[in-house]
Amino acid sequence: TMDYVDDPLRFQAALECLAFCDYSMAIKSGVHFTLCGGTIVNLGTRKHHAAYLRKMDTLELPGCFGMTELGHGSNVMGIETTAVFTSTKGGGFVLRTPSNESSKFWIGGAGETAKICCAVAQLTIHGKWEGPHVFVVRLRDDNGRLMPNVRIRDNGPKQGLNGVDNGQIWLDDVWVPLDALLDRYATVDVQGRYSSPIDDPATRFGTMISGLTTGRMLIAQAAVDACKSGVTIALKYSCARPQFGSKYIIEYITQQRRPRGRNTCEPYR
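Residues numbered from 1 in each chain as written. Predicted model: local features only at pLDDT ≥ 70, side-chain atom pairs only at ≥ 80, totals over all residues. Heavy atoms only, no water.

Enquirer: Which parts of the structure should I look at to understand the pairing of strand S5 (residues 116–125)?
Expert: If a strand is regular, its side chains alternate between the two faces of the sheet. The buried fraction of S5 is high, at nine of ten residues. In the sheet, strand S1 (residues 63–66) pairs with S5 via four bridges, with the strands oriented parallel. Paired with Cys64 across the two strands is Cys117, which belongs to S5. As defined by bridge partners, strand S2 (residues 82–86) adjoins S5 across three bridges and the pair is classed as parallel. Looking at the pairing, Val84 lines up with Thr124 of S5. Summarising the sheet, S5 and strand S6 (residues 128–138) pair through ten bridges and their orientation is antiparallel. Bridging across to S6, Thr124 finds its partner in Trp129. (Buried < 20%, exposed > 50% of the residue type's maximum accessible area, 1.4 Å probe, protein only. Helix = DSSP H or I, 4+ residues; strand = E, 2+ residues; numbered from the N terminus. Pairing = 2+ DSSP bridges.)

Enquirer: I keep staring at the packing of aromatic side chains and nothing clicks. Help me out?
Expert: Any aromatic ring pair is given by two values, namely how distant the centres are and how the planes are angled relative to each other. In the structure shown here, the tally under the stated rule is three aromatic pairs. Taken together, a centroid distance of 6.0 Å and an interplanar angle of 35° make the contact between Phe105 and Trp106 tilted. Looking at Phe105, the relative accessible area reads 24%, which means it is partly exposed. Residue class for Trp106 comes out partly exposed when judged on its relative accessible area of 44%. (Phe/Tyr/Trp six-rings, centres within 6.5 Å; stacked < 30°, edge-to-face > 60°.)

Here you go:
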């Protein structure tokens, strides 16, 4: 996770190597280290970094990112998961999934393995709406059992990338402490006093999700990595398989990306 901050090119190279080996592993690692870990890095503060990052690097705390909801897709300002401030237990928040449509849906890593989730929810304090914020929610205990009031269902087999355990999450009045709020851009004290350097909720959230840009870039990079693997396989096969006698496929103009006269190639061994 620290490479994500200190050496992003090294971080990208590591994910590229995973993509060459197993595309599902690359996607799952991206969700864990980039979407979850990167969000904690970008939106959290020192206390969050100390509490989570080392354990994420050692995979003691597999993570997922709970933004998309069944009924809302990428309309993040319209999500319905709620986080209501409560003064009980020294102050905290109660996260709730009010309907099936507001369940977190297609969340990579949630179906089988994630123990923590960076969950996006609409924050309300003393009846005042403050917009979407991100909370670190414990989904499973150290033994992999679901935490109280957390329900998860695996999305089941897919048409590819079945190594990624996408899941659906419901939070049935799950209490989290004040420190669960990633508070780089907004803080809440034990009395419920809210403070942020950005007054407008929409502008504030736009600033918060700007960190997701890296993840979007890595998705595009992974597509290029997949193309590299495909081209490598095709070229090796073209150099190994003769067609219509002793002429190899790569020697045919229609098989060549850019004809440059007669190309010859030794069989691949």
